[in-house]
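Residue-level structural notes
Take a look at the letters that make up each chain.
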Amino acid sequence: MIPFAGRAKALGFGYGRTMFKIIIPQTYKRLIPSFANEFIMVLKDASLTSIIAMEDLSKATQNILTSTNQVSVYIPAMALYLLMTWACTKLFGALEEKFSIYQ
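Owing to the predicted nature of the structure, the values given are computational and were not obtained by experimental measurement.

1. Regarding the overall build of the protein
Along its length, the protein carries four helices and zero strands. Counting over 103 residues, the protein shows a buried share of 18%.

2. Side note on the packing of aromatic side chains
Here the structure, examined in full by the defined rule, presents three aromatic pairs. Ring plane angle 65° and centroid distance 5.5 Å describe the contact between Phe 39 and Phe 92, whose orientation is recorded as edge-to-face. Taken together, the residues Phe 39 in helix H2 (residues 15–49) and Phe 92 in helix H4 (residues 74–98) connect sequence positions 53 residues apart. With a relative accessible area of 37%, Phe 39 lands in the partly exposed category.

3. As for the environment of Val 71
Along the chain, Val 71 turns up in the loop between helix H3 (57–68) and H4. The exposed category is assigned to Val 71, whose relative accessible area is 61%. With 10 residues separating them along the chain, Val 71 and Thr 61 place their C-alpha atoms 9.6 Å apart.

4. Notes on a nonpolar patch on the surface
A grouping of Phe 20, Ile 24 and Tyr 28 is seen on the molecular surface, where their side chains present a nonpolar patch of about 310 Å² in accessible area. Looking at the secondary structure, you find Ile 24 in helix H2.

5. Here we look at the side chain of Thr 85
Mapping Thr 85 onto the fold places it in helix H4. We classify Thr 85 as buried; its relative accessible area is 13%. Setting aside anything within four residues of it in sequence, one finds Thr 85 in contact with Ile 40, Leu 43 and Lys 44.

6. Focus: the nonpolar core
Generally speaking, a soluble globular protein has its nonpolar side chains buried in company with each other. One finds Ala 36, Ile 40, Leu 43, Cys 88 and Phe 92 forming the largest nonpolar core, which totals five residues. At the level of secondary structure, the elements contributing two or more residues to this core comprise H2 and H4. For this core, the leading source of residues is H2, giving three residues. Leave out the neighbours within four places in its chain, and Phe 92 touches Ile 32, Phe 35, Ala 36, Phe 39 and Ile 40.

Parameters and conventions
- Residues numbered from 1 in each chain as written.
- Predicted model: local features only at pLDDT ≥ 70, side-chain atom pairs only at ≥ 80, totals over all residues.
- Heavy atoms only, no water.
- Helix = DSSP H or I, 4+ residues; strand = E, 2+ residues; numbered from the N terminus.
- Buried < 20%, exposed > 50% of the residue type's maximum accessible area, 1.4 Å probe, protein only.
- Phe/Tyr/Trp six-rings, centres within 6.5 Å; stacked < 30°, edge-to-face > 60°.
- Patch = residues over 30% accessible without salt bridge, like charges linked within 9 Å, V, L, I, M, F, W, Y side chains within 5 Å.
- Areas by Shrake-Rupley, 256 points an atom, 1.4 Å probe, with all protein chains shown as cover.
- Salt bridge = Lys/Arg side-chain N within 4 Å of Asp/Glu carboxyl O.
- Contact = heavy atoms within 4.5 Å.
- Core = buried A, V, L, I, M, F, W, Y, C linked by side-chain atoms within 4.5 Å.

By themselves, these are just geometric observations and shouldn't be taken as functional.
Written out as structure tokens, the structure reads:
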């Protein structure tokens, strides 16, 4: 049974109004932590699995490496991945704190 659905029906809410006014606001608060974890895992794994459809950062770094033969091109790539992961972690952390149901 969906929580609060009985109360919404007692107040005369229809199915659509119950979903948009009661159920969905509860679900996105619980969805943010798991979505954030999955997003950050995909971001980290993109360099290993090339899951992004376009040419990703690791492929561009590999192309630069083959033309210059300098291993130091991996340092800026590493810094960019670290920066992207850090920024996403901070963003999702702020969202989790703002919409936390455990306050």
